[in-house]
Each structure stands twice: as structure tokens, then as C-alpha cells.
Amino acid sequence: RYQTMEGWGASSNFYEESLVRLNPAVRSDLFDKVYGELGSNIMCIRLYSGFQTSKGGPYNWDIMAAQRMILNEALARGNIKTIWLKVSSPPGWMKDNGSEKNGGHVKPEHYQDYADYLSYYIRHMRSDYGVRINAVSLFNEPGFAPDYESTSTTPEEYRDILKVVSATFKRDT
């Protein structure tokens, strides 16, 4: 019958490196407008697939340093109430095509790895950077296989992965 809105927001998903290279005064003015005057209260961030490039490999927090700077600037304006994490693709080592690009399905033997990967990121964003993530999209455009970060997922795969992720989040948070 009707729809409600919880707010509106902005995404740090693209052009992050360009934003951090702006003149600091221009950047501050831009953030004041978007995250202050205009009242954005939702911020979308993404988990880069290069965060962990091999099973058991190190986590590369530096890959998202520009995004965290933008997120901190947005949070400093005081309006952001929801931080939404969007994942276009898990690391390629979890997928049947071996790549973070071109679709590819998460292998069933890596459902738990994917859940642990997400849980680790969310917990450490909170404990190490003081950022509480409120919402998660497991996959972006799960039925589409473009030549950029993406994942192909059937409804049944999505359901099965969601069960594992849900149980892992309940365990870890």
C-alpha cells in the first residue's frame, strides 16, 4: 500500500582515490554539503575483493584506506546512521572461475570461508576503526556476470550461503 524510507545516502564505492586527492578545503566543503547540509544518513561502502587474495593469506587493510578516510569524514558530520557494506565479489580463490571478475559462483566448500571473511571484516572495522556496519549485501547484481568485480549466484546458492553467513554472524557478533 505504501512504502517508507529510512533515509538517503551516498556511496564511497567509486572515485575514492579522486576524492582524497582533492584540495583539502574543497574536499571538506564537499563533505559538509553531502554529509551535512543535504542530510545524507546512509553510507554505502564496499569490501574490495583484493582484501585477501589467497586462502590463509594476509588481509590488506591498506587497500581501503581512502574509503575509510571518506567514511570517517562522513561520520564526523554526525548525520550517518546506517553503514551499508556491499560486496561485489568475494576473493577469486573462493569462486569456481578463480577470479573476482566475470561472475563465477562461490564454491560450496568455501561458503564458510566467505562467511568468516565477512565476519572478520565487520568485527575488525568495529574494533580497529570504530565503524559499526549495520547492513550487508552479500553480492551485488548476483545474476549478472560483467567484466568487473561480480558474482553469479542462483537463488538456491544465495539461500544456502545466507544460512551459513547468518549462523556465522550469530556466532561472532
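Residues numbered from 1 in each chain as written. Predicted model: local features only at pLDDT ≥ 70, side-chain atom pairs only at ≥ 80, totals over all residues. Heavy atoms only, no water.

**Section: the environment of Ala 135**
Link 1 in the chain: Relative to the assigned elements, Ala 135 resides in strand E4 (residues 135-137).
Link 2 in the chain: In this structure Ala 135 comes out as partly exposed when scored by relative accessible area, which is 27%.
Link 3 in the chain: With 35 residues separating them along the chain, Ala 135 and Lys 170 place their C-alpha atoms 14 Å apart. (Helix = DSSP H or I, 4+ residues; strand = E, 2+ residues; numbered from the N terminus. Buried < 20%, exposed > 50% of the residue type's maximum accessible area, 1.4 Å probe, protein only.)

**What to know about the packing of helix H2 (residues 24-37) against helix H3 (residues 65-76)**
Link 1 in the chain: Viewed as axis vectors pointing N to C, H2 and H3 meet at an angle of 60°, and their least axial separation amounts to 9 Å. Comparing the axis directions of H2 and H3 gives the class oblique. Crossing handedness for the pair H2 and H3: right-handed. Across the interface between the two elements, Arg 27, Phe 31 and Tyr 35 of H2 pack against Met 69, Ile 70, Glu 73 and Ala 74 of H3.
Link 2 in the chain: Within the contact of H2 with H3, the residues separate by chemical class into five nonpolar, no polar and two charged. (Axes fitted to C-alpha atoms, helices over the stretch in contact; angles between N-to-C directions. Parallel < 35°, antiparallel > 145°, perpendicular 65-115°, else oblique. Left-handed = near helix turned anticlockwise from the far one by under 90°. Contact = heavy atoms within 4.5 Å. Nonpolar A, V, L, I, M, F, W, Y, C, P; charged D, E, K, R; others polar.)

**A short note on a nonpolar patch on the surface**
Link 1 in the chain: Where nonpolar side chains cluster on the molecular surface, the patch consists of Met 5, Trp 8 and Leu 38 and spans about 380 Å² of accessible area.
Link 2 in the chain: Tracing the backbone shows Trp 8 in the segment before strand E1 (9-11). (Patch = residues over 30% accessible without salt bridge, like charges linked within 9 Å, V, L, I, M, F, W, Y side chains within 5 Å. Areas by Shrake-Rupley, 256 points an atom, 1.4 Å probe, with all protein chains shown as cover. Salt bridge = Lys/Arg side-chain N within 4 Å of Asp/Glu carboxyl O.)

**What to know about the sheet that holds strand E3 (residues 82-86)**
Link 1 in the chain: Sheet architecture is open: four strands sit in the order E1-E2-E3-E4, paired in parallel fashion. One side of each edge strand has no neighbouring strand; the edge strands of this open sheet are E1 and E4. Across the sheet, the axes of successive neighbouring strands diverge by a mean angle of 20°, strand direction being ignored. (Pairing = 2+ DSSP bridges.)

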